[in-house]
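Close look at the chain arrangement
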Amino acid sequence: MFKTFIFELGCEELPALDLIKAVSQYEKLVSDALKDARIDFESLEVLSTPRRITLKINNLAEKTEELKQRFRGPQVQAAFDDEGNPSKAALGFARSKGVRTEDLTREFEGDKEYVYANTLIPAQDVREILLAKLPELVLSISWPHSQRWGTKEVRFARPIRWLFAMLDDEVLPLEIAGLSASKLSYGNRLISPSAFEIKDAHEYEDLLKAHYVIPSFEERARIIKDGIAAIEQEHHLQAELPENIFNEVVNLCEWPTPMLAYFDEEFLDIPQEIITDAMLTHQRYFPLYKDGKLSHAFIVTSNGNPAYEKTIVSGNERVVRARLSDAAFFYKEDSSRPLESYLPALKKVAFHEKLGSIFEKVERMQEVLSKILKDLPLEASVKEDTLRAAKLSKADLVTSAVVEFTELQGTMGGYYAQTSGEHEAVAKAISEHYRPRFAKDQLPSTTEGKLLALADKLDTICGIFAAGQAPTGSSDPYALRRSAIGIINILKDFPHISLEGAIDASLSSYKGALDFDYQDVKGQIADFFTTRMGVMAKEDGIATDTIAAVSGAASQAVLDPLDFFVRAQAFEQVRLRDFEIFENLAQAYTRANNLRDEKLGTQTNPLLYEAAEKALDEALDAQIEKVDTLLKARKYQELFEGLASLKEPIDTFFNEVLVMSEDEEQRENHLKLLNKFVSVFAGIADISSLAR
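Predicted, not measured: the structure shown is a model, and the values here were computed from it.

**Considering the environment of Ser302**
The topology assignment puts Ser302 in strand β16 (residues 293-302). Beyond its immediate stretch of four places on either side in the chain, Ser302 contacts Cys253, Trp255, Pro256, Thr257, Met259 and Ile312. Within the structure, the side chain of Ser302 is placed 2.9 Å from the backbone nitrogen of Gly304, a separation counted as a polar contact.

In C-alpha cells:
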C-alpha cells in the first residue's frame, strides 16, 4: 500500500538566497537515499518558505523492495578439497556474503565449475528507514553559515522550532535537536501565528493556505509576478526586477501581496542609482519606471494581512523617505568638496594587510598606466584623462554616500567628478572602471574606462599572487578569476598591449614592498591567465586538446588574448577539416620530441642525407621561411596548413630512416633533423596534446 508522506521542519527565518540552494541539495539527498534503500515512490518535491523546509513524497511504498543477489566465487576445485571440505577461499567467500558454506551452490560456466552464493535482503518497513535516515539527511544540508542554539550540539542555518511528519493520517515520530514530530504546524507569523492541527498529510497544503502560508516557491513567485503585472498595466509603469532580488523577495514572504507605494518626487533630483540601490539592495522594493525614466512609485511585497494595505504602504513609505533623506544629505555634503580633496583620506583605508593602503594602490595604478600608455597609439588627451581618472578612481570610497551605499563605489565617483568639473571622459572612466562586476556584465564603454579597469584588476591579481594568496580550486576570495576574465576581454580591444608586458609593469610596482620570487610569481600569473583563456575558449566550443596545443606553445605571444583566441579558432578549423592528418602528425611529433637531443642543435650535414632526410629538410626550410611572416600577420590558418604539409615527409622519414643508426655521425645528423622538425612547432602549437 502506498502513502503520502509530509515532513516539515519549522525554524526561525532562513537566509532567503541560501534557501534556494538548500532546497536543491535536500531534494537530491533524499532522492538518492530512497533509491539506495530500494524504496519505491512516484514523485518527490521540497517545498519551502522563510520558516519551513517541507519534504513531500507522493505514493511512497510502505516496504522496501526485496533484493535477491547471486555472486560467483572461486572454482569448485579451489573451494573444496578432495574430501569435500571447504578451503580458506570458500570459507572467506561465504563469510563475505553472509552465508554458510553448505549453502553455496555449484554451476558450470563453459568447462569450468564455480561456487555461487545466493543472498536475500528481505523487505524492510519504510518507517524505520525514514526514522533513521531523515534527521541525518536534513542536517547534512550545507549552508554558508550554520549555528548552534541554547545547549544544543546540533547545527543548522537557524534554530529549529517544530517538526511535523505524517504518513497519511499517521504521525511519524521523527526526532531532531530534542524535538519530536507531531500533527502540529504553524501559520503565517504576522497573520495567523498559532499552532494548528493537520489530521492527514493530504490536507497539508490546503490547511497551510488557510493559515496564510503558501508553501510552494513557484506559486509565490507567480503570485508576485501577477500582482506586479497588474500594477504595471493599471498605472502604465514598468518594474525593475533583478532575478536575485526577486528570488530573495519570494523567500522573504509566506503570503506575498505586491502593493503600490510612492516616495516624494523631490528625491528624483539626486542620482538615480542611489534611489534604486536604497530600494533594491537595502529594502527589497522594486523601482517603477515611466517611459524609461525612474518614477517616484515603487512596489512593496508585503507578508502581512492585505486588509491593512494602507497601513503597510504608509509604513514602507516612511522607511523610504528616511532612507532617501539620508542619501540626499550625503550627496549634497559630498558634492560640496572637489573629489580630489578626498585623496589624503585613502591613506587610512587598507587595501590588503600585505599590500598597503588604497592610496598606495592608486599610486601603483598610475605607475602601471604610465608605462602602458607610453607606446599606445592614442591621442594625448586620452592618455591624460586616463591618468587623471586613475588618480581619482578610488576617492569616492571615503565619501559619506559610498560608506552608506557601498555598492555605489565608482558610480558615485563618476557623479562627484562631474560636480568637481572634471572632463566627461574622466567621470565616465571612474564610474565604469569596476566593470565587469559579474558574469556577463558589460565592459567599460570608453577607452579610458577599459584601461583604468585593466590597471585596477591587474594590480589586485599581481598583488595577491605576490602575497602568496593565489586562488585555489575551491577558494577565490578576491574574485581573481572574474578579474582575469575582465582583463582578457579588455585586451581583445587593445592588440598593441602585451599582457606579458602589463604583468611585468604591475608586478614590478610591488618590488621593494613585498618579498617574493619575481620569476616564479610571474610564471604563476601567466599560467593563471592562460588557464582562464582556455576556459573561455572551451565555452566558445573549442576542443580541449586544441586548447592544450595552443596553450602549450613555447612563446609569450600566445599569452596575448587576441592572439590566443584567433590562433585557437584557426587551429580548430584546420584540424577539423584535416583531422586524420593532424592525428598522425601528432603521433610523429611526439615520437620526434621523445627522440631528439637538444644539446646537438639543428645544424645538420646535408652531405649525409638520404632521400627521405633531404625531402624532410627541404619541407622544413620552406615552412621556417614563412613562420615569422605568418605569425606577425596572424595568418594562423595558413600557418597550420603549412604544418599539416609536414605529415608526409616526416612519415616517410620514420619509415625509411633508421634514426638510431650505429654510425654515430649519421645518428647525430638524424637527431639534429628531428630537433629542427620539433623547433618549427615552437611558439605555434604543442601538437603532442593531440596524440592519443
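**Considerations on the sheet that holds strand β1 (residues 2-11)**
If you trace the 5 strands from one edge of the open sheet to the other, you get β2-β3-β1-β7-β8, paired in antiparallel fashion. Of all strands in the sheet, those with a lone pairing partner are β2 (43-49) and β8 (170-171), marking the two edges. Of the strands in this sheet, β1, β3 (52-61), β7 (160-167) and β8 are in contact with helix α4 (residues 126-139), which crosses β1 at around 30°.

**Quick notes on the nonpolar core**
Of all hydrophobic cores here, the largest spans 134 residues; its most connected members are Phe529, Phe640 and Phe677. For this core, the element with the most residues is helix α15 (residues 447-466), which contributes 11 residues. Setting aside anything within four residues of it in sequence, one finds Phe677 in contact with Leu585, Ala588, Tyr589, Ala592, Leu616, Leu620, Leu646 and Ile650. Ile129, Ile176, Ala177 and Ala181 belong to the second-largest nonpolar core, a separate cluster that totals 41 residues.

**Section: the pattern of salt bridges**
Enumeration over the complete set of coordinates arrives at 44 salt bridges. Ionic pairing is found between Asp32 and Lys28, a salt bridge with its closest N-O pair at 2.7 Å. In this pair, Asp32 and Lys28 are both assigned in helix α1 (residues 16-36), 4 residues apart and thus about one turn of the helix distant. According to the relative accessible area criterion, Lys28 is exposed, its value standing at 54%. Within the structure, one salt-bridge network assembled from shared partners comprises Lys361, Arg364, Lys394, Asp456 and Asp459.

**Overview of the pairing of β3**
Counting buried residues in β3 gives 9 out of 10 residues, a clear majority hidden from the surface. Sheet topology note: the β1/β3 ladder contains 8 bridges and is antiparallel. Within β3, the position partnered with Phe7 by the bridge is Leu55. As judged from the 7 bridges shared by β2 and β3, these two strands associate in the antiparallel manner. When the bridges of β3 are listed, Val46 appears paired with Leu55. Counting the residues between successive antiparallel strands, the hairpin from β2 to β3 contains 2 residues.

**Details of the packing of helix α6 (residues 217-235) against helix α7 (residues 243-250)**
Close contact between α6 and α7 brings their axes to 9 Å; oriented N to C, the two are set at 115°. The angle between the axes of α6 and α7 places the two elements in the roughly perpendicular class. Every pair of crossing elements has a handedness; the one defined by α6 and α7 is right-handed. Touching Phe217, Arg220, Ala221, Ile224 and Lys225 of α6 are Phe246, Asn247, Val249 and Val250, all from α7.

**Concerning the packing of aromatic side chains**
According to the stated counting rule, one finds 18 aromatic pairs in the structure shown. An aromatic cluster is defined as three or more aromatic residues linked by ring pairs; in this entry it consists of Phe263, Tyr285 and Phe298. Here Lys492 stacks its cationic end above the ring of Phe565, 4.4 Å away from the centre of that ring.

**As for helix α19 (residues 544-551)**
Taken as a whole, α19 has its buried residues at Asp545, Thr546, Ile547, Ala549 and Val550. Buried residues in α19 make contact with α18 (518-539) and α20 (561-577).

Basis of the calculations
Residues numbered from 1 in each chain as written. Predicted model: local features only at pLDDT ≥ 70, side-chain atom pairs only at ≥ 80, totals over all residues. Heavy atoms only, no water. Helix = DSSP H or I, 4+ residues; strand = E, 2+ residues; numbered from the N terminus. Contact = heavy atoms within 4.5 Å. Polar contact = N/O pair within 3.5 Å; in protein donor to acceptor, adjacent residues only side chain to side chain. Pairing = 2+ DSSP bridges. Axes fitted to C-alpha atoms, helices over the stretch in contact; angles between N-to-C directions. Core = buried A, V, L, I, M, F, W, Y, C linked by side-chain atoms within 4.5 Å. Buried < 20%, exposed > 50% of the residue type's maximum accessible area, 1.4 Å probe, protein only. Salt bridge = Lys/Arg side-chain N within 4 Å of Asp/Glu carboxyl O. Parallel < 35°, antiparallel > 145°, perpendicular 65-115°, else oblique. Left-handed = near helix turned anticlockwise from the far one by under 90°. Phe/Tyr/Trp six-rings, centres within 6.5 Å; stacked < 30°, edge-to-face > 60°. Lys NZ or Arg CZ within 6 Å of the ring centre and 35° of its normal.

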